[in-house]
Amino acid sequence: MLQSIDWSLVDWSRAQFALTAMYHWLFVPLTLGITWILAIMETIYVKTGDPEWKRLTKFWMKLFGINFAIGVATGIILEFEFGTNWSNYSWFVGDIFGAPLAVEGIMAFFMESTFIAIMFFGWNKVSKKFHLASTWLTAIGANLSALWILVANAWMQSPVGTQFNPDTARNEMTNFFDVLFSPVAVNKFLHTIGSGFVLAAIFIIGISAWFLLKKRESRLAFRSITIAAILGLLASVHLVLTGDGSAKRVAEVQPMKLAAMEGLYDGKEGAGLVGFGILAAKEKREAETGEEFIFKFEMPKVLSWMAYGDANHFVAGVNDFKNGNPERGILSIPEKMQRGGIARQALDDYKRAKASGDTARADSLKGLFSDPEFLENNFKYFGYGFHDDVNYFIPHVPITFYSFHIMVILGFGFVLYFLIFLFFASRGELQKRKFWLRLAPWVIPLPYIASQAGWVVAELGRQPWTIQDLLPTVAAVTRIDSGSVIVTFILFALTFTVLAIAEVKIMLSAIKTGPKNEGGTR
Amino acid sequence: MFENLSLLTLQHYWWIIVSLLGSALVFLMFVQGGQTLIYTLGKNDKERTMLVNSLGRKWEFTFTTLVTFGGAFFASFPLFYATSFGGAYWVWMIILLAFVIQAVSYEFRSKAGNFLGAKVYEGFLFINGLFGTVLIGTAVATFFTGSQFSLNDLNQVNWEGPARGLEAALNIRNIALGFSVFFLARILAILYFMNNIDNDAIFIRSRKHLWINTIPFLIAFLFFLTMLLVKDGFAVDPDSKMVSMEKYKYLHNLLEMPVILVMLLIGVAGVLFGIIRALIKKTTIGIWFTGPGTILTVLALFLIAGFNNTAFYPSTFDLQSSLTIENASSSKFTLTVMSYVSLLVPVVVAYIWYAWRSMNRKQITQEELSKEDHVY
């Protein structure tokens, strides 16, 4: 099936998916986080009856609405792109992957879109309590949708609860709860939700700081910063903890990704964690054998401890996977390619035997796909059978390494940042801290960068897989002329860019206008 | 409880659910229809703002239904998802783009600093209304007219149509359904405006344009329906699973499944009754007949496409590659799990209903919009 594969097709299809996903992810985290904060603010309003809290809620709600629309716009493409650009994928795993997408629609999107309408338009139409409930339900709906799509994504990283059916030539679900409660899924969800909170908190602090500097709406700005700093601090600590959990999951199910994240080429016992470093160029590394970094700051043994809970544990490097490490029981990529090739051949032979009516042979070949030994030794590496270049199965180390470290450094920085603002707020000194107030608006882009970097690690770090070890991108892509994909890529890039510019301009204009005065309620 | 059902029953159950979502989608596309009428029915900014806001409080339901329709189709009939979306690439991409630009247009239209200007966003809404309806209708028509593709023994699609799906727009029957959906969406929108907006000028203009849209709708739809009933259909042999052409297949399906025939007749009668009533009497309730009538009609069409041993996504290039509800479906396990999820649907419908009722108690007026602080 790969005789005439057009590599530019694979690359452009990946580029298009990355483009849509990254644009989508520019807008979604704010939605995920700020809806909770809106719900909390409105709860305070309903509890205290203080109309200033209502004004505040409405102001952030307005910014949320602007942001939400474009998140929806970029989201619809993502869902359908699985079909349009990854149709072989859609069949190969649709039996499992489709379910979370459908549940997302039924359970989450309708909740979100029904109650968001009440949230925006219901202030004068429904009771205070019904309105408050709607705001909470909007937050729950938004986050439920994140849950289901992340369950789907986690399954791609760690395919569980499934069995291959040679008759239909696809993977079929055997246990829904394995899929839903897979440790990777749970961790991913918690980590992602946390990132939404942190991003929303930094967004709110940045804008409120600007108001304080301009000496406008000081009371509202002060309240916003206090709430955002408290929630942000909790969420950023939670991010560090779930980040650690994520690393353990990666060590378990995607050890190659872990090696790439740390720029670890040759595995070792008691591996250190690179706090930051600059990777040596590929040629230099190969020529001088061994030196992976031009410069690095390393915490000894921490990586082993973090990934395996044992400071002396062996952590495998990229070369261990590439060339194999029999001592540690790691198969080389060529070995996996051979084993996966056997599984693919068995499937082809089965199809041929069936077509030619050779039932005896067909039955015995079919039996292989439920034979535990064959599954463990061969089918497990099915995806390796799709390509004959070893390097195809190695992710891009520098991109993975730098993205990971940018995310982690920023993540720790956010904890400090919230602490500082909370400290000033608690002492009533915010107004005086001009440096921090001036800095705050410029900090807003940082959680966006951290969040994007996180997804780059998650997705580029596991290349070439669409489904870990089972289906590489080259076998997942829709067969179409790459020209069509290039044209749609350009169309999307232009559309999203124009819409994003409009979004930012509207947002800035709404911020400058500030909270609306509620006639009579003040 | 679903565990005890046979795979075939589950496949039928899920075809009904997907069909219901599809028919709800066609009804909710009154939003798209309305978007093509903003300048026809609104002669000044105030009127246009009322029209836009009236639609703006509903557009997300249409959008969400489309997304859920896609998700449910993926979960229950993944081979359709893979074959049609991957194959008829350009049709779906144009539809998607039309929905991308819709999603921001309501929110951005009247906001300060919106970069493109209100007119451009209104243009986006028009494009969405035109292409969204015509192309979705055209794509659904291929359920009866077929597409050119083949599947290999790993169920991977090879699209043989020259224009990746756009060739469907060259078939007069497909186009007829596309325009039926377009004009029906406009009719539904007109009836919705008559119900939802309290403004005499818009009401009078709406009734006039109801005539103008009903005539082309009837021509396009009756043409499609007649062609459908006299055309050959894609029949599946229940034992050998071989697909072959059968004369008057869709007519036979209606006669062999009288419940669906009755559904179709009631549906069409409902659509017409709502229209006629609004034409002869100054009433606001036309939508209550034409809306449900639309759902029944579309549901009946979907059901005769997939039930009674019929291939619902036929291939004219290679008959045996045609998709049926049996060969395109998910596994029994997945359908069972999803059937439990489907029990949520009545809950969803109930809270949507409750929320709409509490929001729609009063019609939209200029006075209300001037007090509203979230205006599109």
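Let me begin by describing the structure that accompanies this report.

Reading the values: the criteria
- Residues numbered from 1 in each chain as written.
- Chains lettered and ligands numbered in written order.
- Predicted model: local features only at pLDDT ≥ 70, side-chain atom pairs only at ≥ 80, totals over all residues.
- Heavy atoms only, no water.
- Helix = DSSP H or I, 4+ residues; strand = E, 2+ residues; numbered from the N terminus.
- Contact = heavy atoms within 4.5 Å.
- Lys, Arg positive; Asp, Glu negative; His and termini not counted.
- Charge placed at Lys NZ, Arg CZ, Asp CG, Glu CD.
- Buried < 20%, exposed > 50% of the residue type's maximum accessible area, 1.4 Å probe, protein only.
- 1 Å grid on protein atoms, 1.4 Å probe; cavity = no way out; pocket = protein on both sides within 12 Å on 5 of 7 lines; lining within 4 Å.
- Points joined across faces, edges and corners; volume = space filled by probe spheres on them.
- Nonpolar A, V, L, I, M, F, W, Y, C, P; charged D, E, K, R; others polar.
- Phe/Tyr/Trp six-rings, centres within 6.5 Å; stacked < 30°, edge-to-face > 60°.
- Lys NZ or Arg CZ within 6 Å of the ring centre and 35° of its normal.
- Salt bridge = Lys/Arg side-chain N within 4 Å of Asp/Glu carboxyl O.
- Polar contact = N/O pair within 3.5 Å; in protein donor to acceptor, adjacent residues only side chain to side chain.
- Expected span 1.5 Å × (residues − 1).
- Bend = angle between axes of the 7 residues up to and from the residue.
- Axes fitted to C-alpha atoms, helices over the stretch in contact; angles between N-to-C directions.
- Parallel < 35°, antiparallel > 145°, perpendicular 65-115°, else oblique.
- Left-handed = near helix turned anticlockwise from the far one by under 90°.
- Pairing = 2+ DSSP bridges.
- Patch = residues over 30% accessible without salt bridge, like charges linked within 9 Å, V, L, I, M, F, W, Y side chains within 5 Å.
- Areas by Shrake-Rupley, 256 points an atom, 1.4 Å probe, with all protein chains shown as cover.

### Comments concerning the overall build of chain B
A count of helices and strands for chain B gives 16 helices and four strands. Dimensions along the principal axes, computed over C-alpha positions, put chain B at roughly 65 × 45 × 45 Å. Long-range pairs, those at least 24 residues apart, make up 78% of the contacts in chain B with a sequence separation of at least 6. When the 26 basic and 22 acidic side-chain charges of chain B are each reduced to a single mean position, those positions are 12 Å apart.

### Some details on unusual backbone geometry
A cis geometry characterises the amide bond from Gln463(A) onward to Pro464(A), with omega recorded as 5 degrees. Structurally, Pro464(A) is set in the loop between helix 17 (445-460) and strand 7 (465-467). Of note, the phi angle at Tyr248(B) is positive, near 55 degrees, even though the residue is not glycine. Along the polypeptide, Tyr248(B) turns up in the loop between strand 4 (243-246) and helix 11 (249-256). Residue Tyr248(B) is classed as partly exposed on the basis of its relative accessible area of 39%.

### So, the layout of surface pockets
Approximately 1,400 Å³ is the volume found for the largest pocket. Along its surface, the largest pocket is lined by 50 residues, and Phe17(A), Ala21(A), His24(A), Leu78(A) and Ile149(A) are the ones closest to its centre. Elements with a minimum of two residues in the lining of the largest pocket: helix 1 (7-48), helix 2 (51-85), helix 3 (87-121), helix 4 (128-157), helix 17 and strand 7 of chain A together with helix 5 (59-76) of chain B. Ranked by the residues each element gives to the lining of the largest pocket, the list is headed by helix 1 of chain A, at ten residues. Looking at side-chain class alone, the lining of the largest pocket contains 30 nonpolar, 13 polar and seven charged residues.

### Remarks on the packing of aromatic side chains
All names here are of chain A. Scanning all chains against the criterion turns up 95 aromatic pairs over all chains. Relative to Phe 211, the ring of Phe 59 has its centre 5.7 Å away and its plane inclined at 85 degrees; by these criteria the two rings are edge-to-face. Linking Phe 59 in helix 2 with Phe 211 in helix 6 (residues 183-213), this pair joins segments that are 152 residues apart in sequence. Positioned above the aromatic ring of Phe 314, the side-chain terminus of Arg 328 is 4.0 Å from the ring centre. Lying across the ring of Phe 386, Arg 344 places its NZ or CZ 4.2 Å from the centre.

### Comments concerning the interface of chain A and chain B
How big an interface is tends to be stated in terms of accessible area lost as the parts join. Contact residues are listed per partner, giving 82 residues for chain A and 76 residues for chain B. The tally of links between chain A and chain B comes to two salt bridges. A salt bridge links Lys125(A) to Glu372(B); the shortest N-O distance between them is 3.6 Å. Where chain A packs against chain B, one counts 18 residue pairs in polar contact (both at pLDDT 80 or more). When contributions to the side of chain A that touches chain B are tallied by element, the ones reaching two or more residues are helix 2, helix 3, strand 2 (170-173), helix 12 (333-355) and helix 19 (482-513) of chain A. Looking at the side of chain A that touches chain B, the element that brings in the most residues is helix 3 of chain A, giving 26 residues. In terms of residue class, the side of chain A that touches chain B is made up of 46 nonpolar, 23 polar and 13 charged.

### Quick word on the environment of Ala21(A)
All names here are of chain A. Examined against the element boundaries, Ala 21 turns out to sit in helix 1. Take Ala 21: its relative accessible area is 25%, and that puts it in the partly exposed class. Remark: the alpha-carbon pair of Ala 21 and Thr 74, spanning 53 residues in sequence, is separated by 7.9 Å.

### Things to note about the side chain of Thr294(B)
Residues and elements named next belong to chain B. Here Thr 294 shows up in helix 13 (residues 287-306). On the basis of relative accessible area, Thr 294 is assigned to the buried category, the value being 0%. Here the side chain of Thr 294 touches Thr 290 through a polar contact of 2.7 Å, landing on its backbone oxygen. Setting aside residues no more than four positions away along its own chain, Thr 294 makes contact with Val 26, Phe 27, Leu 184, Leu 188 and Val 271.

### Here's the deal with helix 2 of chain A
All names here are of chain A. The terminal C-alpha atoms of helix 2 lie 50 Å apart, and with 35 residues this matches the ideal 51 Å at 1.5 Å per residue to within 8%. At Glu 79, helix 2 is bent by approximately 35 degrees, the largest bend along its length. Most of helix 2 sits out of view: 32 of its 35 residues are buried.

### Some remarks on the side chain of Thr473(A)
All names here are of chain A. Within the secondary structure layout, Thr 473 lies in helix 18 (residues 473-476). Take Thr 473: its relative accessible area is 4%, and that puts it in the buried class. For Thr 473, the residues in contact, after removing those within four places along its chain, are Val 10, Arg 14, Trp 86, Tyr 392, Gln 463, Pro 464 and Thr 466.

### Topic: the packing of helix 12 of chain A against helix 13 (residues 359-368) of chain A
All names here are of chain A. Where helix 12 contacts helix 13, the axes come no closer than 8 Å and their chain directions differ by 150 degrees. By the angle class used here, helix 12 and helix 13 are roughly antiparallel. At the point where helix 12 passes helix 13, the crossing takes the left-handed sense. Residues Ala 346, Asp 349, Tyr 350, Ala 353 and Lys 354 of helix 12 lie in contact with helix 13, whose contacting residues are Arg 361, Ala 362, Leu 365, Lys 366 and Leu 368.

### Thoughts on the pairing of strand 1 (residues 162-165) of chain A
All names here are of chain A. With four bridges joining them, strand 1 and strand 2 adopt antiparallel strand pairing. Across the sheet, Gln 163 pairs through a bridge with Glu 172, a residue of strand 2. The loop that links strand 1 with its antiparallel partner strand 2 comprises four residues; one of these, Ala 169, has a positive phi angle of about 60 degrees.

### A look at a nonpolar patch on the surface
Residue and element names in this part refer to chain A. A surface patch of nonpolar side chains, about 480 Å² in accessible area, is lined by Ile 278, Ile 294, Phe 295, Phe 297 and Met 299. Looking at the nonpolar patch element by element, the count peaks at four residues for strand 5 (residues 293-299). With respect to the element layout, Met 299 can be found in strand 5. We classify Met 299 as partly exposed; its relative accessible area is 32%.

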